[in-house]
Amino acid sequence: RILIYLIGSSAAPTMTLFGTMVPRLSRNLVFCLLAILPAVYSEIRPFSLLLEPASEYIHYVEGFLVAPGYIDLSKLRFFTVGTGDFVVDDDEFTEGTDDVYDVANQDDDSLNKGGGRNRRQLDQKDFDMEGSAIDIAVFNLPSDCSSSRTGCDWINLGIGARTQDGVLRYCCSNDAIDLGLCSGTSYGRLIMDGQKFKGKHRLVNIPATGDYDNYLKYGKFEEKEGTSGKYAVIFANCNDAGRPVIVEGGMEWKSRHGY
């Protein structure tokens, strides 16, 4: 079964393993146990994820790749659902996708989740985002930090931003703009540092109205010789006023000598 992690700006990451929530400090033991299992050179993982519009958290998946190889997300289907048209049944989605909100970090404007448009005014300038922009990032987790007890600090890898006081944000929200962690032109997007980020990025633009049903274009992420190791795949729907999006299909991880 695929493991989907849920990480927010105010809580330590946890993971779901066979229905059990495992604290971050226990991850090394888990991965040590997994390491003694027979090597898997290729795998197609069934995938189902509800991406609700929220700047308080992002979703990510981790896996191991022996390069040269690839991670193929082109078989993932992205489609919209209308507000009030469905009832979320957590059992229908892959484990680890429960929602966690931190409304204490949001102002009143950021909680407008209904209309598909949110407006941010900063220094007499208006910033708009219509619909949702689904950010997808695929990147290697260096062995010197991924094998450590505390894990990798994604800020050093170009994902998210932190104030001098230690306040962490992954999405460019009203709150993050006020903290100086991103600009208004990046509102509703995953915060990324282009100089630090060495992975690959894709964007799925979801219109504010009407049906959307499509697959990820250019969804095959090739990794060259010498880049073996643990990888993370991020899914973020950061616009609080955006639209719920369901992601379903198969995620293929193919290492060297697979198939």
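All values reported here derive from a predicted model rather than from experimental measurement.

J.: Could you clarify how one ought to interpret the overall build of the chain in this entry?
T.: Helices and strands together make up the secondary structure of the chain, namely three helices and 17 strands. Scored against the burial criterion, the 259 residues of the chain give a buried share of 50%. Sequence-distant contacts, at least 24 apart, represent 77% of the contacts inside the chain between residues at least 6 apart. Surface accessibility of the chain: about 13,100 Å² in total, with carbon and sulfur atoms responsible for 51%.

J.: Looking at this structure, how should I read the packing of aromatic side chains?
T.: Within a pair of aromatic rings, the relevant descriptors are the distance that separates the centres and the angle that separates the planes. Summed over the entire model, instances satisfying the criterion amount to five aromatic pairs. For the pair Phe 139 and Trp 154, a centre-to-centre distance of 5.5 Å together with 85° between the ring planes defines the contact as edge-to-face. Of the two residues, Phe 139 sits in strand 10 (residues 132-141) while Trp 154 sits in the loop between helix 2 (143-146) and strand 11 (161-162), which places them 15 residues apart along the sequence. A relative accessible area of 3% means that Phe 139 is categorised as buried. Owing to a relative accessible area of 7%, Trp 154 belongs among the buried residues under this scheme.

J.: When you look at unusual backbone geometry in this model, what are you seeing that I'm missing?
T.: The linkage connecting Ala 67 with the following residue, Pro 68, adopts the cis geometry, with an omega of 0°. Examined against the element boundaries, Pro 68 turns out to sit in the loop between strand 5 (57-65) and strand 6 (69-72).

J.: Looking at this structure, I do not really get the nonpolar core. What am I missing?
T.: Generally speaking, soluble globular proteins have nonpolar side chains that are buried together. Formed by 24 residues in total, the largest nonpolar core has its most connected members in Leu 73, Phe 78, Ile 136 and Phe 235. Among the secondary structure elements, those contributing two or more residues to this core are strand 4 (42-51), strand 5, strand 7 (76-80), strand 10, strand 13 (200-206), strand 16 (229-237) and strand 17 (245-254). Top element by residues in this core is strand 17. It accounts for four residues. Core analysis: the second largest hydrophobic core is formed by 21 residues, Ile 7, Leu 157, Leu 190 and Ala 236 among them.

J.: What should I look at first to understand the side chain of Arg 169 in this one?
T.: Within the element layout of this structure, Arg 169 appears in strand 12 (residues 168-169). A polar atom in the side chain of Arg 169 sits 2.5 Å from the side chain of Asp 175.

J.: Would you mind showing me how to read the side chain of Ser 146 here?
T.: Counting through the fold element by element, Ser 146 comes out in helix 2. Reaching out from Ser 146, the side chain makes a polar contact with the backbone oxygen of Leu 141 at a distance of 3.5 Å. If near-sequence neighbours (up to four positions away) are discounted, Ser 146 is found in contact with Leu 141, Cys 152 and Lys 230.

Parameters at a glance
Residues numbered from 1 in each chain as written. Predicted model: local features only at pLDDT ≥ 70, side-chain atom pairs only at ≥ 80, totals over all residues. Heavy atoms only, no water. Helix = DSSP H or I, 4+ residues; strand = E, 2+ residues; numbered from the N terminus. Buried < 20%, exposed > 50% of the residue type's maximum accessible area, 1.4 Å probe, protein only. Contact = heavy atoms within 4.5 Å. Areas by Shrake-Rupley, 256 points an atom, 1.4 Å probe, with all protein chains shown as cover. Phe/Tyr/Trp six-rings, centres within 6.5 Å; stacked < 30°, edge-to-face > 60°. Core = buried A, V, L, I, M, F, W, Y, C linked by side-chain atoms within 4.5 Å. Polar contact = N/O pair within 3.5 Å; in protein donor to acceptor, adjacent residues only side chain to side chain.

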